[in-house]
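Here is what each chain is made of, one letter per residue.
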Amino acid sequence: MNPALRTSATGMAAQQTRTEVIANNLANVNTTGFKRSRAQFEDLLYQTMQGQQVLGSSETNTSPAIQIGRGTRLAAVQRMHAQGALEATGRSMDVAIDGDGFFPIQLPGGQTAYTRDGSFQISDQVCS
């Protein structure tokens, strides 16, 4: 495959992943306790086509090396743990976390788990 097409294909795949992460954020905007995510990318290797050159004498200007990038790739999908807006429910037993932290809960087996929205997961079963 042509290197230019391969480079552009990596960019298209990266933008597709970015779009999917944004779509997931939008789909879950009203989900209690949902934390948005952000895709992070990094450059692939650069190929040096021409090294640095001296123009005139060594005391004058030099031209920088000519490098061609070979694309991008997904480095990580980072979950953003920023504080969301608190919502008053009017119920006396409702609580919220303002700032960092999690609620400790005791699982049926006696282990301690942590949650921000009251739900937790045991194996493939989601509980509330």
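In this report, we go over the structure that sits alongside the text. What you see is a predicted model; the values in this text were computed from it and never measured.

### What about the pattern of salt bridges?
Next, step 1: Going through the model one piece at a time under the given rule, you end up with 2 salt bridges.
Next, step 2: One salt bridge in this structure joins E42 and R73, with 2.4 Å as the shortest N-O distance. A residue pair is termed long-range when its members are at least 10 positions apart, and E42 in strand β1 (residues 37-43) and R73 in strand β6 (residues 72-79) qualify at 31 residues.
Next, step 3: The salt bridge involving D94 is made with R91; its shortest N-O contact spans 2.7 Å.
Next, step 4: Given the relative accessible area of 35%, D94 is considered partly exposed.
Next, step 5: Residue classification places R91 among the exposed residues on the basis of a relative accessible area of 57%.

### Some thoughts on the side chain of T10
Next, step 1: One can find T10 in helix α1 (residues 3-27).
Next, step 2: Of the polar contacts made by the side chain of T10, one reaches the backbone nitrogen of T72; its length is 3.2 Å.
Next, step 3: Ignoring sequence-local partners within four residues, the contact set of T10 consists of L44, R70, G71 and T72.

### What about a nonpolar patch on the surface?
Next, step 1: A contiguous nonpolar patch, built from M49, I66 and I68 and spanning about 260 Å² of accessible area, is present on the exposed surface.
Next, step 2: In this fold, I68 is placed in strand β5 (residues 66-69).

Calculation notes
Residues numbered from 1 in each chain as written. Predicted model: local features only at pLDDT ≥ 70, side-chain atom pairs only at ≥ 80, totals over all residues. Heavy atoms only, no water. Salt bridge = Lys/Arg side-chain N within 4 Å of Asp/Glu carboxyl O. Helix = DSSP H or I, 4+ residues; strand = E, 2+ residues; numbered from the N terminus. Buried < 20%, exposed > 50% of the residue type's maximum accessible area, 1.4 Å probe, protein only. Polar contact = N/O pair within 3.5 Å; in protein donor to acceptor, adjacent residues only side chain to side chain. Contact = heavy atoms within 4.5 Å. Patch = residues over 30% accessible without salt bridge, like charges linked within 9 Å, V, L, I, M, F, W, Y side chains within 5 Å. Areas by Shrake-Rupley, 256 points an atom, 1.4 Å probe, with all protein chains shown as cover.

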